[in-house]
Amino acid sequence: MTIDAAYLLQLTLNGIALGLLYALIAVGLSLIFGVMEIINFAHGELLMLGAFAMTFALPVVGLLYWPALAASLFATMLAGFVIFEILLVRLKPDEFERSILITLGLSIILIHTVQYLFTATPRMVDTQYGFDGVAIGTIRLTWTRLIGAGAAIVAFTGLYLTLRFTQFGRAMRAIAQNREAALMVGIRPRTVARNAVILAAGLCGLAGSALAPIQLVTPYMGQFLIFKAFALVIIGGLGNIPGAVVAAVALGLVESWIGGFFTAAWQEGAVFVIMIVVLMLRPDGLFKRGGMRVG
Amino acid sequence: MKLALAFLGALAFAALPFLTSSNYIIGVGISALTFTVAAAALNLVYGFAGLLSFAQLGFWGIGGYAAALTVVTFGGTFWEGVLWAALLNGAIALVVGYPTLRTNRHAFVISTLTFALLVTLIARDWVSLTRGPLGIPNLPSPEAFGQRFDTPAKFYWIAWAFAVATIAFLYALCSSRIGRTLVAIKQNEPLTRAQGISPMPYKLAAFAVGAAITGAAGGVYCFELRIIDPTFLDFYYMQTFLIIVIIGGTGSFWGVIAAGIALSALPEVLRFSEDLRMIIYGVILVAAMFVMPSGVAGWLRERRLTAMREALR
């Protein structure tokens, strides 16, 4: 089999776009884990809510992309806030198993409520861009994909700058690195945890809204992605944000390449095989965690 | 006392086919028995050894497929199928358990979960072995001593004998020195190490025994369904096992058994709407975690302790 350079490049670009979306989900998971030491099983459902918000917002604003995106981001951040205030705030540190079971219950409730209200029929949504795109030679990228990838890059830059240079972000890193010491210098874990959940929900909402015009929107869409995101945070090292980003983009590339040359079954299975191998070699993930690092 | 009650309970359950001729009720009874066994196995892993394992779902599915394939593809009997289901799962659990148990408990939960999903993917995509989404229909009914167990009432005896045998075995295991060591590891691993006990073999053994029993239960259950397809690995089963263990009380042997019998009837009661049923399941799970984090058994234990403190005052 000869490998066509243009085809390979197309696969690579698709892979990067896919990987950046994975990264948005995985980073949110890592952020919540870093600050609260819990794993949010309902994270994929935030993505699903974002995608549903986008499907409902787009027709209202006359298919304009950006206002719909803003509305959907606001909706998911609000959902994150409500989830935190009602459920997560009651969790004490070191109640890891309980946190999993509670967020698992929440995920069941969200999926089936959405399915009950809006049925499981997959929805398609059109934007102002439709299927237009840019073509460079034989390579074609649709605007919706490009904007999704661009928004993800902007979001990561923003997240990096926030965590590194603002008081808001420093407090988060402080809590992640040493809870007691952070308490002693007057940082309130409750506020910081709330901010982290809202921020992570926003990132997830962004991923959901970016995905809505690209693939079918169903109540179950979050589940498929979240399991990959779990594997990614394990591969990258729990609570390690750059690790999660690197692992996510790499996975997007690997999946896209495998999907281009082998059958789809291998594409789906790749992440699990990689995870088992990484765990065998490095039980703490590829990039070992030492507090929550951003740079 | 508890053992006498358990004995009476087992006898009462054995009498079910004499009390009713309704195949529906007997079907619910078979599900109750197999689900209780799977939940008791999860209780060994999560309640006693303290390992929250989502891999049970994968073992349940592997067990079902192993038993079905032994009979349909490799021409074995039902009994060999269930035996293979148990052995294969035990072996897989050792291979999967060793690397994942070395990680911390956070990573363990996630990697067992991804294992379960990997099994689902294999069941769906390895079409030449598992026949993919179509599944394997028309599983034959088991045979022994020239007798065909082809009616629900007859199959019920198999499920009953299987449940009684495995629960008795698990009880012996959990109340033995090994069971106590597992609880010690769960409560304080460094202290257990300091006592000269290496936790790894115990954890691995609990994981493998739990996997073998879950697999055998899956093998029995798929012959009750008469068909196996990838929906046998639906996350719904994992949720059912977990809810049984949590409501019963993690680490309480008889609490989980009682909850298994009681709660297996619940989905049937809630069957009026598929969607609402799952919503109610989710609400039960969340509410139970807030109201009774240690289950009914834990709640009773706490009440007894409070009463004793009051009496001493």
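Given the structure is predicted, the values throughout are model-derived calculations rather than measurements. (Residues numbered from 1 in each chain as written. Chains lettered and ligands numbered in written order. Predicted model: local features only at pLDDT ≥ 70, side-chain atom pairs only at ≥ 80, totals over all residues.)

## Considerations on the overall build of chain B
For step 1, the next point in the chain: Scanning chain B for helices and strands turns up 16 helices and two strands.
For step 2, the next point in the chain: With the C-alpha coordinates aligned to their principal axes, the bounding extent of chain B is approximately 65 × 45 × 40 Å.
For step 3, the next point in the chain: Counting over 313 residues, chain B shows a buried share of 47%.
For step 4, the next point in the chain: By sequence separation, contacts in chain B at least 24 residues apart represent 77% of the contacts at least 6 residues apart. (Helix = DSSP H or I, 4+ residues; strand = E, 2+ residues; numbered from the N terminus. Buried ≥ 20, exposed ≤ 12 C-beta atoms within 10 Å, placed from the backbone. Contact = placed C-beta atoms within 7 Å.)

## Here's the deal with the environment of Val28 of chain B
For step 1, the next point in the chain: Summarising the element assignment, Val28 of chain B is placed in helix 3 (residues 23-48).
For step 2, the next point in the chain: Measuring from C-alpha to C-alpha, the distance between Val28 of chain B and Ser264 of chain B comes to 7.5 Å, with 236 residues separating the pair along the chain.

## Structural notes on helix 1 (residues 5-36) of chain A
For step 1, the next point in the chain: In this model helix 1 of chain A runs 45 Å from its N-terminal to its C-terminal C-alpha over 32 residues, within 8% of the 46 Å that 1.5 Å per residue would give.
For step 2, the next point in the chain: Across the 32 residues of helix 1 of chain A, 23 count as buried, placing the element largely inside the fold. (Expected span 1.5 Å × (residues − 1).)

## Looking at the interface of chain A and chain B
Many analyses report the size of an interface as the accessible area lost when the parts associate.
For step 1, the next point in the chain: With 31 residues of chain A in contact, the opposing surface of chain B contributes 32 residues.
For step 2, the next point in the chain: Broken down by secondary-structure element, the contributors of at least two residues to the side of chain A that touches chain B are helix 4 (96-118), helix 9 (221-236) and helix 11 (264-281) of chain A.
For step 3, the next point in the chain: Among the elements that take part in the side of chain A that touches chain B, helix 4 of chain A stands out by supplying 15 residues, more than any other.
For step 4, the next point in the chain: Across the side of chain A that touches chain B, the residue classes break down as 22 nonpolar, five polar and four charged. (Nonpolar A, V, L, I, M, F, W, Y, C, P; charged D, E, K, R; others polar.)

## Some thoughts on the nonpolar core
Residue and element names in this part refer to chain A.
For step 1, the next point in the chain: Formed by 201 residues in total, the largest nonpolar core has its most connected members in Ala23, Leu24, Ile25, Ala26, Ala196 and Leu232.
For step 2, the next point in the chain: Per element, the largest residue contribution to this core is 16 residues, and it comes from helix 1.
For step 3, the next point in the chain: Each residue touching Ala23, except ones within four places of it in the same chain, is listed here: Ala152, Ala244, Val245, Ala248 and Val249. (Core = buried A, V, L, I, M, F, W, Y, C linked by C-beta atoms within 7 Å.)

## Regarding helix 4 (residues 55-72) of chain B
For step 1, the next point in the chain: Taking 1.5 Å of rise per residue, 18 residues should cover 26 Å, and helix 4 of chain B covers 25 Å from first to last C-alpha, within 8% of that figure.
For step 2, the next point in the chain: For helix 4 of chain B, a buried count of 16 out of 18 residues is recorded, marking the element as mostly surrounded by other parts of the structure.

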